[in-house]
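One-letter residues, chain by chain:
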Amino acid sequence: MPVRTAHGVWAERDGVLVRLEDETGRVGYGEAAPIPKFGAGTVDEIEAACRELGASIDGASAAAMPANLRCLQNALAAARGTAPAAVHKYLGVAALLPAGRPAIDQVKEKAESGFRIFKWKVGVGDLAEELGWLDDVCAVLPPEGKLRLDANGAWDRRKAERWLERCAERPVEFVEQPCLAKAAEGAAIGRRVDDMLLGLAADYPTPIALDESVVGEGDIERWLGAGWPGIFVVKPSLLGDVPAALSRLATAKAELVFSSALETAVGARAALQAAFAYPGGRRPGAALPGGNGPSGSLPRALGFGVWPLFSDNRFNGPAAAPYLRSEDLARIDVEAAWNALS
Ligand code: MG
């Protein structure tokens, strides 16, 4: 199913599945699901690195991947390791809406199946037209419903300000990546856009989430150092050392939205396991009946309302439902996904 964002239309997903077996016969799976645009290597580079590793690997060579192969480091760690313990019984899931006007009908449909958080891709079409649809989308939200807007870095400062002004009195949970510097624009422009994002976060009441800004090596550290007051969108599949990054964010009490990198069920299971093990941020969230995490707060909804995504259903994670329970993760059949390729 093609996915349309401000980056363009995405019809195919390339990645590498990894299967490791130890001396005792224990088998583990991992997925290297790079998004080359995000600087995490290409499938060809990952395949070449796998061939170089040979038929057997040890922990040291699995962990010693260069930064541009962090997706492979991630996959090998997932295949070798055991899942971290869940601290949440269940987590909400955000429904992914199509870009543009079709979002309006989709909100109605998904609200009926129980979704309360809806993610709408913006910055795809004409600014005035999209701003007009914002009210139409908000008008069909269920009570307590909230909208996430994801611009994928499509706006300049002026456009971002117009949107953030408009969002202030509307049920918008956050605005994701309003602006973004392209790597080719150089470090000076990059710093200017970082300052712009910090300025927007300070000037408007609607929280801002960083996504594309935190996928590079060292990005999380840099934004924590800058005192980022907003949300971090974390795509665990794109991180190299997932436990290290998450423990750094947890120490900073950072508020995260765990999100899909449009990986298969193999990478998604590992990503969801990381989400269920993350203690939650500083937000004094409303508790669900019966409590949820150790603090009783409800972490923000998962950005995993993406399935079915692949035409071969064996690659899909659990069909998008308004909530995922920790026990649902054990039912994700990673072996079936592996077998679908063999
Ligand atoms: Mg995003």
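Look up a bit, the structure's there.
Notes on the structure follow.

Parameters at a glance
- Residues numbered from 1 in each chain as written.
- Predicted model: local features only at pLDDT ≥ 70, side-chain atom pairs only at ≥ 80, totals over all residues.
- Heavy atoms only, no water.
- Helix = DSSP H or I, 4+ residues; strand = E, 2+ residues; numbered from the N terminus.
- Rg over C-alpha atoms; globule rule 2.2 N^0.38 Å.
- Buried < 20%, exposed > 50% of the residue type's maximum accessible area, 1.4 Å probe, protein only.
- Contact = heavy atoms within 4.5 Å.
- Areas by Shrake-Rupley, 256 points an atom, 1.4 Å probe, with all protein chains shown as cover.
- Lys, Arg positive; Asp, Glu negative; His and termini not counted.
- Charge placed at Lys NZ, Arg CZ, Asp CG, Glu CD.
- Axes fitted to C-alpha atoms, helices over the stretch in contact; angles between N-to-C directions.
- Parallel < 35°, antiparallel > 145°, perpendicular 65-115°, else oblique.
- Left-handed = near helix turned anticlockwise from the far one by under 90°.
- Nonpolar A, V, L, I, M, F, W, Y, C, P; charged D, E, K, R; others polar.
- Phe/Tyr/Trp six-rings, centres within 6.5 Å; stacked < 30°, edge-to-face > 60°.
- Donors = N, O, S within 2.8 Å, 3.2 Å for Na, K, Ca; no water.
- Pairing = 2+ DSSP bridges.
- Right-handed = clockwise from strand over helix to strand, strands pointing away.
- Patch = residues over 30% accessible without salt bridge, like charges linked within 9 Å, V, L, I, M, F, W, Y side chains within 5 Å.
- Salt bridge = Lys/Arg side-chain N within 4 Å of Asp/Glu carboxyl O.
- 1 Å grid on protein atoms, 1.4 Å probe; cavity = no way out; pocket = protein on both sides within 12 Å on 5 of 7 lines; lining within 4 Å.
- Points joined across faces, edges and corners; volume = space filled by probe spheres on them.

A short note on the overall build of the chain
Thought 1: Secondary structure assignment for the chain yields 12 helices and 13 strands.
Thought 2: Against the 2.2 N^0.38 benchmark of 20 Å for 342 residues, the chain shows a C-alpha radius of gyration of 20 Å, consistent with a compact globule.
Thought 3: Reported as C-alpha extents along the three principal axes, the dimensions of the chain are approximately 60 × 50 × 40 Å.
Thought 4: Going through the 342 residues of the chain one by one, you find that 51% of them count as buried.
Thought 5: Pairs at least 24 apart in sequence give 69% of the contacts found in the chain among residues at least 6 apart.
Thought 6: Element-wise, carbon and sulfur atoms account for 52% of the exposed surface of the chain, whose accessible area totals about 15600 Å².
Thought 7: The averaged location of the 44 negative side-chain charges in the chain is 4 Å from the averaged location of its 37 positive side-chain charges.

A short note on the packing of helix 6 (residues 157-167) against helix 7 (residues 187-203)
The axes of two packed helices give the description: the angle between them and the distance between them.
Thought 1: Remark: helix 6 packs on helix 7, axes separated minimally by 11 Å, with the N-to-C direction vectors making an angle of 20°. With respect to helix 7, the axis of helix 6 lies roughly parallel. Between helix 6 and helix 7 the crossing geometry is right-handed. Contacts between helix 6 and helix 7 pair Arg157, Ala160, Glu161 and Leu164 from the former with Met196, Leu200 and Asp203 from the latter.
Thought 2: Here the contact of helix 6 with helix 7 is composed, by residue class, of four nonpolar, no polar and three charged.

What to know about the packing of aromatic side chains
Thought 1: Per the stated rule, a full pass over the model turns up seven aromatic pairs.
Thought 2: Ring plane angle 65° and centroid distance 5.6 Å describe the contact between Phe258 and Tyr278, whose orientation is recorded as edge-to-face. Remark: Tyr278 occurs in the loop between helix 10 (265-277) and strand 12 (302-305) and Phe258 occurs in strand 11 (residues 255-258); sequence separation between them is 20 residues. Accessibility assignment for this pair places Phe258 and Tyr278 in one class, buried.

Some remarks on the coordination of the magnesium ion
Thought 1: Bound to the magnesium ion are the protein donor atoms Asp150 (OD), Glu176 (OE) and Asp211 (OD), situated 2.0 to 2.2 Å from the metal.
Thought 2: Along the chain, the residues donating to the magnesium ion fall in the pattern D-x25-E-x34-D. Placement of the pair is Asp150 in strand 7 (residues 146-150) and Asp211 in the loop between strand 9 (208-210) and helix 8 (219-225), with a sequence separation of 61 residues.

Points about the pairing of strand 11
Thought 1: Side-chain alternation along strand 11 places Glu255 and Val257 on one buried face and Leu256 and Phe258 on a second face that is also buried.
Thought 2: Direction of pairing for strand 10 (residues 231-234) relative to strand 11: parallel, over a ladder of four bridges. When the bridges of strand 11 are listed, Ile231 appears paired with Glu255.
Thought 3: This β-α-β element, strand 10 to helix 9 (residues 242-251) to strand 11, shows right-handed connectivity.

Some details on the environment of Ala319
Thought 1: For Ala319, the location among the structural elements is in the loop between strand 12 and strand 13 (323-325).
Thought 2: Exposure remark for Ala319: the relative accessible area of 59% places this residue in the exposed category.
Thought 3: Linking Ala319 and Pro171, residues 148 residues apart in sequence, is a C-alpha distance of 26 Å.

Some thoughts on a negative patch on the surface
Thought 1: Taken together, the side chains of Glu12, Asp14, Asp44, Glu45 and Glu47 define an acidic patch exposed on the protein surface.
Thought 2: The exposure class of Asp14 is exposed, given its relative accessible area of 51%.

Things to note about empty space enclosed by the protein
Thought 1: Scanning all chains against the criterion turns up three cavities of 30 Å³ or more.
Thought 2: Looking at the second largest cavity, its volume works out to about 50 Å³.
Thought 3: Taken together, Val214, Val215, Ile220, Val233, Val234, Lys235, Leu238 and Leu239 make up the full set of residues lining the second largest cavity.
Thought 4: Partitioned by chemical class, the residues of the lining of the second largest cavity number seven nonpolar, no polar and one charged.

Points about the environment of Ala168
Thought 1: With respect to the element layout, Ala168 can be found in the loop between helix 6 and strand 8 (172-176).
Thought 2: Sequence-wise, Ala168 and Tyr204 are 36 residues apart; in three dimensions their C-alpha atoms are separated by 7.1 Å.
Thought 3: Contacts of Ala168, omitting those with residues within four sequence positions, involve Pro205 and Thr206.

Considerations on unusual backbone geometry
The bulk of non-glycine residues show a negative phi, and the bulk of peptide bonds are trans.
Thought 1: With an omega of 0°, the peptide bond running from Trp307 to Pro308 counts as cis.
Thought 2: Within the secondary structure, Pro308 sits in the loop between strand 12 and strand 13.
Thought 3: Even without being a glycine, Gln177 presents a positive backbone phi close to 40°.
Thought 4: The residue Gln177 is located in the loop between strand 8 and helix 7 in this model.
Thought 5: On the basis of relative accessible area, Gln177 is assigned to the buried category, the value being 0%.

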